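# Observations on chain architecture
One-letter residues, chain by chain:
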Amino acid sequence: MDIKTTYIYYKKVWFKVLGLMLVVLGIIGIVLPVMPTTIFFILALACFTRSSPALEHWLLNHPRYGTTLQQWQAHKVMPVKAKYCAALGMLVGFIFLLASSPAVWVILLVAIIEVAVMIYLILRPSSVPKS
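Residues numbered from 1 in each chain as written. Predicted model: local features only at pLDDT ≥ 70, side-chain atom pairs only at ≥ 80, totals over all residues. Heavy atoms only, no water.

Taken as a whole and assessed by the stated rule, the structure comprises two aromatic pairs. Taking 5.2 Å as the distance between ring centres and 75° as the angle between the ring planes, the aromatic pair formed by Tyr9 and Tyr10 counts as edge-to-face. Judged by relative accessible area, Tyr9 falls into the partly exposed class, the value being 47%. Ring geometry for Phe41 and Tyr65: centres 4.8 Å apart, planes at 45°, overall tilted. In this pair, Phe41 is assigned in helix 2 (residues 38–51) and Tyr65 in the loop between helix 3 (53–60) and helix 4 (66–75), connecting sequence segments 24 residues apart. Each member of the pair Phe41 and Tyr65 is classed as buried. (Phe/Tyr/Trp six-rings, centres within 6.5 Å; stacked < 30°, edge-to-face > 60°. Buried < 20%, exposed > 50% of the residue type's maximum accessible area, 1.4 Å probe, protein only. Helix = DSSP H or I, 4+ residues; strand = E, 2+ residues; numbered from the N terminus.)

What follows is the structure in structure tokens.
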């Protein structure tokens, strides 16, 4: 094998492994109320798009998350319910963070990241544009 073929092979393996880890985090997010779910599946879809058509197909046709992922992939749409769940999860997580008495810089860093994520989510459309 030449270097380019080897590079492409390992890049696909890396994306597949990363995608599978993100699916595991998404499944954990289903169970834990403070962890998001949808964002992990969106990131996993991005990884599988670059590495495994079979796993991409599996996620896009998932009975519960498939429609949301299809809308994201086609139109970058984030449903209102997913936005509310993300906001609630981040708020609960932030409250737990405050209760654990971390350093001030940790509180500020997490707050800045969460505000940036919420701004990004708010700016995403909530429904598929009409043709």
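Back to the text.
The biggest cluster of nonpolar side chains holds 21 residues, and the ones touching the most others in it are Phe41, Ala44, Leu59, Leu69 and Met78. Looking at this core, the elements with two or more residues in it are helix 1 (3–31), helix 2, helix 3, helix 4, helix 5 (80–99) and helix 6 (104–123). With seven residues, the top contributor of residues to this core is helix 2. Residue contacts for Ala44: discarding those within four places in its chain leaves Gly19, Leu22, Val23 and Leu59. (Core = buried A, V, L, I, M, F, W, Y, C linked by side-chain atoms within 4.5 Å. Contact = heavy atoms within 4.5 Å.)

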